[in-house]
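Residues per chain, in single letters:
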Amino acid sequence: MSNTPLLVMGSKNYSSWSLRPWLFLRKVGFDFREHLIHFDAADYQAQIAALSPSRRVPLLIDGGVKIRDSLAICEYAAECTGRGLLEDRTARALARSAAAEMHSGFQTLRNECPMNVRELHRHVPPTPQLHADIARIDEIWSDCLRSHGDGGGWLFGEFSIADAMFAPVLFRFRTYGATLGNASHAYLRHALADSAVNEWRVAAEQEGHPLPEVDGIGVVERGRIS
(Lines give C-alpha, C1' and ligand atoms only; values in the text may rest on other atoms or scores of the structure.)
Protein backbone atom coordinates (compact mmCIF):
# COMPACT_ATOMS: atom_id res chain seq x y z
CA MET A 1 0.00 0.00 0.00
CA SER A 2 1.29 3.45 -0.92
CA ASN A 3 2.36 5.80 1.85
CA THR A 4 1.59 8.84 -0.32
CA PRO A 5 -1.15 11.00 1.24
CA LEU A 6 -4.62 10.51 -0.25
CA LEU A 7 -6.91 13.42 -1.10
CA VAL A 8 -10.56 12.35 -1.17
CA MET A 9 -12.62 14.61 -3.41
CA GLY A 10 -16.01 15.03 -5.03
CA SER A 11 -16.77 15.54 -8.72
CA LYS A 12 -14.30 18.01 -10.23
CA ASN A 13 -16.93 19.82 -12.27
CA TYR A 14 -18.96 20.72 -9.19
CA SER A 15 -16.93 20.33 -5.99
CA SER A 16 -15.68 23.79 -5.11
CA TRP A 17 -14.48 22.60 -1.71
CA SER A 18 -12.37 19.87 -3.33
CA LEU A 19 -10.78 22.30 -5.80
CA ARG A 20 -9.33 24.47 -3.06
CA PRO A 21 -6.97 21.96 -1.39
CA TRP A 22 -6.24 20.16 -4.67
CA LEU A 23 -4.97 23.39 -6.22
CA PHE A 24 -2.98 24.38 -3.15
CA LEU A 25 -1.33 20.98 -2.82
CA ARG A 26 -0.46 21.00 -6.51
CA LYS A 27 0.98 24.52 -6.41
CA VAL A 28 3.16 23.99 -3.32
CA GLY A 29 4.51 20.61 -4.44
CA PHE A 30 2.80 18.45 -1.81
CA ASP A 31 2.80 14.91 -3.20
CA PHE A 32 -0.58 13.21 -3.05
CA ARG A 33 -2.88 10.68 -4.69
CA GLU A 34 -6.46 11.40 -5.70
CA HIS A 35 -9.53 9.44 -4.70
CA LEU A 36 -12.59 10.75 -6.52
CA ILE A 37 -16.16 10.01 -5.44
CA HIS A 38 -18.64 11.29 -8.01
CA PHE A 39 -21.66 13.04 -6.56
CA ASP A 40 -24.02 11.01 -8.75
CA ALA A 41 -22.69 7.64 -7.56
CA ALA A 42 -25.55 5.44 -6.32
CA ASP A 43 -23.44 4.46 -3.32
CA TYR A 44 -21.95 7.90 -2.70
CA GLN A 45 -23.00 8.00 0.95
CA ALA A 46 -21.55 4.54 1.60
CA GLN A 47 -18.28 5.43 -0.14
CA ILE A 48 -17.81 8.68 1.75
CA ALA A 49 -18.84 7.16 5.08
CA ALA A 50 -16.15 4.49 4.68
CA LEU A 51 -13.45 7.17 4.49
CA SER A 52 -14.60 10.42 6.08
CA PRO A 53 -15.79 10.75 9.70
CA SER A 54 -17.71 13.90 8.72
CA ARG A 55 -19.12 12.27 5.57
CA ARG A 56 -17.94 15.29 3.61
CA VAL A 57 -15.29 16.03 1.02
CA PRO A 58 -12.52 16.98 0.87
CA LEU A 59 -10.50 14.83 3.20
CA LEU A 60 -6.73 14.36 3.32
CA ILE A 61 -5.50 11.04 4.71
CA ASP A 62 -1.81 11.09 5.64
CA GLY A 63 -0.84 7.90 7.38
CA GLY A 64 -3.14 7.56 10.35
CA VAL A 65 -4.20 11.21 10.28
CA LYS A 66 -7.42 12.36 8.62
CA ILE A 67 -7.53 16.10 7.99
CA ARG A 68 -10.98 17.49 7.23
CA ASP A 69 -11.97 20.83 5.69
CA SER A 70 -10.36 22.68 2.79
CA LEU A 71 -8.70 25.36 4.88
CA ALA A 72 -7.25 22.87 7.38
CA ILE A 73 -5.83 20.75 4.54
CA CYS A 74 -4.20 23.80 2.95
CA GLU A 75 -2.63 24.85 6.24
CA TYR A 76 -1.34 21.32 6.85
CA ALA A 77 0.27 21.21 3.41
CA ALA A 78 1.79 24.65 3.90
CA GLU A 79 3.37 23.56 7.17
CA CYS A 80 4.65 20.32 5.62
CA THR A 81 6.22 22.01 2.61
CA GLY A 82 7.14 25.41 4.01
CA ARG A 83 5.44 26.95 0.98
CA GLY A 84 2.31 29.02 0.55
CA LEU A 85 2.81 30.84 3.87
CA LEU A 86 3.70 34.46 3.21
CA GLU A 87 6.85 35.73 4.93
CA ASP A 88 5.54 39.21 5.73
CA ARG A 89 3.44 39.10 8.91
CA THR A 90 1.01 41.78 7.78
CA ALA A 91 0.49 40.15 4.39
CA ARG A 92 0.05 36.77 6.10
CA ALA A 93 -2.61 38.20 8.43
CA LEU A 94 -4.49 39.85 5.56
CA ALA A 95 -4.31 36.67 3.50
CA ARG A 96 -5.76 34.70 6.41
CA SER A 97 -8.54 37.27 6.75
CA ALA A 98 -9.40 37.01 3.05
CA ALA A 99 -9.30 33.23 3.13
CA ALA A 100 -11.49 33.08 6.24
CA GLU A 101 -14.06 35.48 4.76
CA MET A 102 -14.28 33.35 1.63
CA HIS A 103 -14.47 30.19 3.74
CA SER A 104 -17.48 31.39 5.74
CA GLY A 105 -19.23 33.90 3.52
CA PHE A 106 -20.75 34.67 0.12
CA GLN A 107 -23.68 32.32 0.56
CA THR A 108 -25.74 33.96 -2.17
CA LEU A 109 -22.98 33.48 -4.74
CA ARG A 110 -22.63 29.85 -3.67
CA ASN A 111 -26.37 29.18 -3.91
CA GLU A 112 -27.23 31.13 -7.03
CA CYS A 113 -24.04 30.42 -9.00
CA PRO A 114 -22.87 26.90 -8.08
CA MET A 115 -19.54 25.87 -9.55
CA ASN A 116 -20.06 24.27 -12.95
CA VAL A 117 -16.70 24.27 -14.71
CA ARG A 118 -17.96 22.85 -18.02
CA GLU A 119 -20.55 25.56 -18.60
CA LEU A 120 -20.07 29.02 -20.13
CA HIS A 121 -22.32 32.02 -20.75
CA ARG A 122 -24.87 31.12 -18.08
CA HIS A 123 -27.03 34.01 -16.94
CA VAL A 124 -28.80 34.10 -13.58
CA PRO A 125 -31.08 36.85 -12.22
CA PRO A 126 -28.89 39.68 -10.88
CA THR A 127 -30.33 39.99 -7.38
CA PRO A 128 -29.12 42.73 -5.00
CA GLN A 129 -27.61 40.06 -2.74
CA LEU A 130 -25.65 38.56 -5.64
CA HIS A 131 -24.44 42.02 -6.68
CA ALA A 132 -23.28 42.62 -3.10
CA ASP A 133 -21.30 39.35 -2.98
CA ILE A 134 -19.58 40.07 -6.30
CA ALA A 135 -18.82 43.65 -5.29
CA ARG A 136 -17.28 42.48 -2.01
CA ILE A 137 -15.07 39.95 -3.79
CA ASP A 138 -13.99 42.65 -6.23
CA GLU A 139 -13.15 44.85 -3.25
CA ILE A 140 -11.12 42.12 -1.52
CA TRP A 141 -9.19 41.25 -4.66
CA SER A 142 -8.49 44.89 -5.52
CA ASP A 143 -7.34 45.73 -1.98
CA CYS A 144 -5.02 42.70 -1.77
CA LEU A 145 -3.54 43.36 -5.20
CA ARG A 146 -3.01 47.05 -4.47
CA SER A 147 -1.34 46.51 -1.10
CA HIS A 148 0.64 43.30 -1.66
CA GLY A 149 0.14 42.00 -5.19
CA ASP A 150 3.17 43.43 -6.95
CA GLY A 151 5.49 41.10 -8.79
CA GLY A 152 3.61 37.86 -9.08
CA GLY A 153 0.08 38.21 -10.36
CA TRP A 154 -1.50 36.51 -7.33
CA LEU A 155 -3.42 38.29 -4.58
CA PHE A 156 -0.29 38.67 -2.44
CA GLY A 157 2.30 38.51 -5.20
CA GLU A 158 3.16 34.85 -4.69
CA PHE A 159 0.56 32.10 -4.59
CA SER A 160 -0.98 31.62 -1.14
CA ILE A 161 -3.87 29.93 0.63
CA ALA A 162 -5.99 33.01 -0.14
CA ASP A 163 -5.72 32.28 -3.87
CA ALA A 164 -6.68 28.65 -3.31
CA MET A 165 -9.74 29.62 -1.29
CA PHE A 166 -10.97 31.93 -4.06
CA ALA A 167 -10.25 29.40 -6.83
CA PRO A 168 -13.90 28.28 -7.22
CA VAL A 169 -14.87 31.92 -7.74
CA LEU A 170 -12.67 31.96 -10.83
CA PHE A 171 -14.82 29.31 -12.44
CA ARG A 172 -18.06 30.83 -11.16
CA PHE A 173 -17.18 34.15 -12.80
CA ARG A 174 -16.10 32.27 -15.94
CA THR A 175 -19.46 30.47 -16.08
CA TYR A 176 -21.90 33.19 -15.01
CA GLY A 177 -19.95 36.38 -15.69
CA ALA A 178 -19.21 39.26 -13.33
CA THR A 179 -18.57 42.97 -13.55
CA LEU A 180 -15.15 43.63 -12.00
CA GLY A 181 -12.66 46.44 -11.72
CA ASN A 182 -9.52 46.43 -13.84
CA ALA A 183 -7.27 44.96 -11.16
CA SER A 184 -9.66 42.13 -10.33
CA HIS A 185 -10.27 41.39 -13.99
CA ALA A 186 -6.51 41.13 -14.58
CA TYR A 187 -6.24 38.78 -11.60
CA LEU A 188 -9.06 36.63 -12.97
CA ARG A 189 -7.28 36.32 -16.33
CA HIS A 190 -3.97 35.52 -14.67
CA ALA A 191 -5.41 32.84 -12.40
CA LEU A 192 -7.48 31.16 -15.13
CA ALA A 193 -4.33 30.92 -17.28
CA ASP A 194 -2.41 29.05 -14.56
CA SER A 195 -1.34 25.54 -15.58
CA ALA A 196 -2.70 23.83 -12.46
CA VAL A 197 -6.03 25.65 -12.73
CA ASN A 198 -6.24 24.50 -16.34
CA GLU A 199 -5.34 20.95 -15.36
CA TRP A 200 -8.43 20.93 -13.11
CA ARG A 201 -10.56 22.54 -15.82
CA VAL A 202 -9.65 19.93 -18.42
CA ALA A 203 -10.35 17.08 -15.98
CA ALA A 204 -13.71 18.61 -15.06
CA GLU A 205 -14.70 19.01 -18.70
CA GLN A 206 -13.89 15.38 -19.42
CA GLU A 207 -15.26 13.60 -16.37
CA GLY A 208 -18.96 13.33 -17.30
CA HIS A 209 -21.30 12.44 -14.39
CA PRO A 210 -23.66 15.41 -14.92
CA LEU A 211 -25.96 16.71 -12.21
CA PRO A 212 -29.13 17.97 -13.92
CA GLU A 213 -30.15 20.00 -10.87
CA VAL A 214 -26.96 22.07 -11.25
CA ASP A 215 -26.68 22.04 -15.04
CA GLY A 216 -30.20 23.47 -15.26
CA ILE A 217 -29.29 26.64 -13.35
CA GLY A 218 -29.05 29.76 -15.47
CA VAL A 219 -30.02 30.62 -19.02
CA VAL A 220 -27.42 30.23 -21.76
CA GLU A 221 -26.73 33.79 -22.77
CA ARG A 222 -23.66 35.65 -23.92
CA GLY A 223 -23.95 38.22 -21.20
CA ARG A 224 -22.54 39.24 -17.85
CA ILE A 225 -23.89 39.67 -14.37
CA SER A 226 -24.15 43.44 -14.24
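What counts, and at which threshold
Residues numbered from 1 in each chain as written. Predicted model: local features only at pLDDT ≥ 70, side-chain atom pairs only at ≥ 80, totals over all residues. Heavy atoms only, no water. Pairing = 2+ DSSP bridges. Helix = DSSP H or I, 4+ residues; strand = E, 2+ residues; numbered from the N terminus. Axes fitted to C-alpha atoms, helices over the stretch in contact; angles between N-to-C directions. Contact = heavy atoms within 4.5 Å. Salt bridge = Lys/Arg side-chain N within 4 Å of Asp/Glu carboxyl O. Buried < 20%, exposed > 50% of the residue type's maximum accessible area, 1.4 Å probe, protein only. Arc of directions from axis to C-beta.

### Considerations on the sheet that holds strand 3 (residues 59-62)
- Strand order across the open sheet formed by four strands is 2-1-3-4, with mixed pairing between neighbours. With one partner strand each, in any of the chains shown, strand 2 (33-36) and strand 4 (65-68) form the two edges of the open sheet. For this sheet the average axis-to-axis angle between neighbouring strands, irrespective of direction, equals 20 degrees.
- Pairing between strand 1 (residues 6-9) and strand 3: three bridges, direction antiparallel. Within strand 3, the residue paired with V8 across the bridge is L59.
- Contacts between helix 1 (residues 16-28) and the sheet are confined to strand 1, strand 2 and strand 3, with strand 1 contributing the most and set at about 150 degrees to the helix.

### Looking at the pattern of salt bridges
- In this structure the tally under the stated criterion is 10 salt bridges.
- Of the charged contacts in the structure, one is a salt bridge between E199 and R26, with a shortest N-O distance of 2.9 Å. Separated by 173 residues along the polypeptide, E199 in helix 10 (residues 195-206) and R26 in helix 1 bring together distant segments of the chain.
- For R26, a relative accessible area of 32% translates into the label partly exposed.
- Measuring nitrogen to oxygen at the nearest pair gives 2.6 Å for the salt bridge that ties R146 to D143. Residue R146 and its partner D143 are both found in helix 6 (residues 128-148); the two are separated by three residues, about one turn of the helix.
- Look at the salt bridges and you will find they share partners, linking K12, R26, E34 and E199 into a network.

### Topic: unusual backbone geometry
- The omega angle of the peptide bond from V57 to P58 is 5 degrees, so this bond is cis rather than trans.
- Inspection of the secondary structure puts P58 in the loop between helix 2 (44-51) and strand 3.
- One non-glycine residue, F106, lies in positive phi territory at about 60 degrees.
- Within the fold, F106 resides in the loop between helix 4 (89-104) and helix 5 (107-112).
- Backbone geometry at H121 places phi at a positive 60 degrees, although glycine is not the residue there.
- Locating H121 in the fold gives a position in the loop between helix 5 and strand 5 (122-123).
- According to the relative accessible area criterion, H121 is partly exposed, its value standing at 30%.

### Here we look at helix 9 (residues 182-192)
- Taken together, the buried positions of helix 9 are S184, Y187, L188 and A191. All buried residues of helix 9 fall inside an arc of 100 degrees around its axis, so they share one side. Exposed and facing more than 90 degrees away from the buried side of helix 9 are N182 and R189.
- Taken together, the buried residues of helix 9 touch helix 6, helix 7 (161-165), helix 8 (167-176) and helix 10.

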